[in-house]
Amino acid sequence: MMKISVRQATVAAALLLSTSADAFVPATTQTTHATTTTSLNIFGGLKGAFSNDDSLGAAKNEGLSNGPRYNENVTVNGKAVPKAVVDQKISQVCASARVKVPYNCQNGDCGTCMVKINGRQAKACVSKVPAGKCAITTL
């Protein structure tokens, strides 16, 4: 720790008092009036990027153009299943009809989920609803 004498402290105080406050002010004191705004204008260059383009025509439906294709001729163990979608998995159709089908691998490898579709054996986890008549019978 450095000790200063009373004389050194007095000299330092006299120097500080003798310097004018103008020494710290810039020589040119021009006042400028800047306009301020609260807008950040980050996306100013992208102003028209998200506007509608009238040359594209009318907006189209975002989903399926004609909606899903339903098959009203689907039955599970003789019980009709309304609104079964064509190409829907048989396992989902059986679940909506509240018919239990055992599953093991969900890949079609094990054969645990065998059902009959229109009299032919098929695996429920990988088979899909056809467009025509579909009679599903559990084994």
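What counts and what doesn't
Residues numbered from 1 in each chain as written. Predicted model: local features only at pLDDT ≥ 70, side-chain atom pairs only at ≥ 80, totals over all residues. Heavy atoms only, no water. Helix = DSSP H or I, 4+ residues; strand = E, 2+ residues; numbered from the N terminus. Buried < 20%, exposed > 50% of the residue type's maximum accessible area, 1.4 Å probe, protein only. Areas by Shrake-Rupley, 256 points an atom, 1.4 Å probe, with all protein chains shown as cover. Phe/Tyr/Trp six-rings, centres within 6.5 Å; stacked < 30°, edge-to-face > 60°. Lys NZ or Arg CZ within 6 Å of the ring centre and 35° of its normal. Pairing = 2+ DSSP bridges. Polar contact = N/O pair within 3.5 Å; in protein donor to acceptor, adjacent residues only side chain to side chain. Contact = heavy atoms within 4.5 Å.

The protein chain is annotated in an unreviewed UniProt entry as 2Fe-2S ferredoxin-type domain-containing protein from Skeletonema marinoi.

Caption draft 1: Seen up close, the overall build of the protein chain. Along the backbone of the protein chain there are two helices and seven strands. For the protein chain, the succession of helices and strands along the chain, N to C, is α-β-β-β-β-α-β-β-β. Looking at the protein chain as a whole, 17% of its 139 residues qualify as buried. Accessible surface, the protein chain as shown: approximately 11700 Å² in total, 55% of it carbon and sulfur.

Caption draft 2: Structural view of the packing of aromatic side chains. Per the counting criterion, the structure on display carries zero aromatic pairs. The ring of tyrosine 70 has lysine 83 sitting right over it, with the charged end atom 5.9 Å from the ring centre.

Caption draft 3: Spotlight on unusual backbone geometry. Phi at lysine 83 takes a positive value of approximately 55°, unusual for a residue other than glycine. For lysine 83, the position within the fold is in the loop between β3 (79-80) and β4 (84-85).

Caption draft 4: The arrangement of the pairing of strand β7 (residues 134-138) in detail. By the bridge criterion, three bridges tie strand β2 (residues 74-76) to β7 in an arrangement that is parallel. Looking at β7, one finds that threonine 75 is bridged to alanine 135. Sheet topology places strand β5 (residues 114-117) next to β7; three bridges connect them, and they run antiparallel. Residue pairing for β7: lysine 116 is matched across the bridge by threonine 137.

Caption draft 5: How the structure looks around the environment of proline 130. Position of proline 130 among the secondary structure elements: in the loop between β6 (120-123) and β7. For the pair formed by proline 130 and valine 74, sequence separation is 56 residues and the distance between their alpha carbons is 9.0 Å.

Caption draft 6: Structural context of the side chain of serine 127. Tracing the backbone shows serine 127 in the loop between β6 and β7. At 2.6 Å, the side chain of serine 127 and the backbone oxygen of lysine 123 are in polar contact. Not counting residues up to four positions away in its chain, the partners in contact with serine 127 are Gln88, Lys89, Ile90, Ile117 and Ala122.

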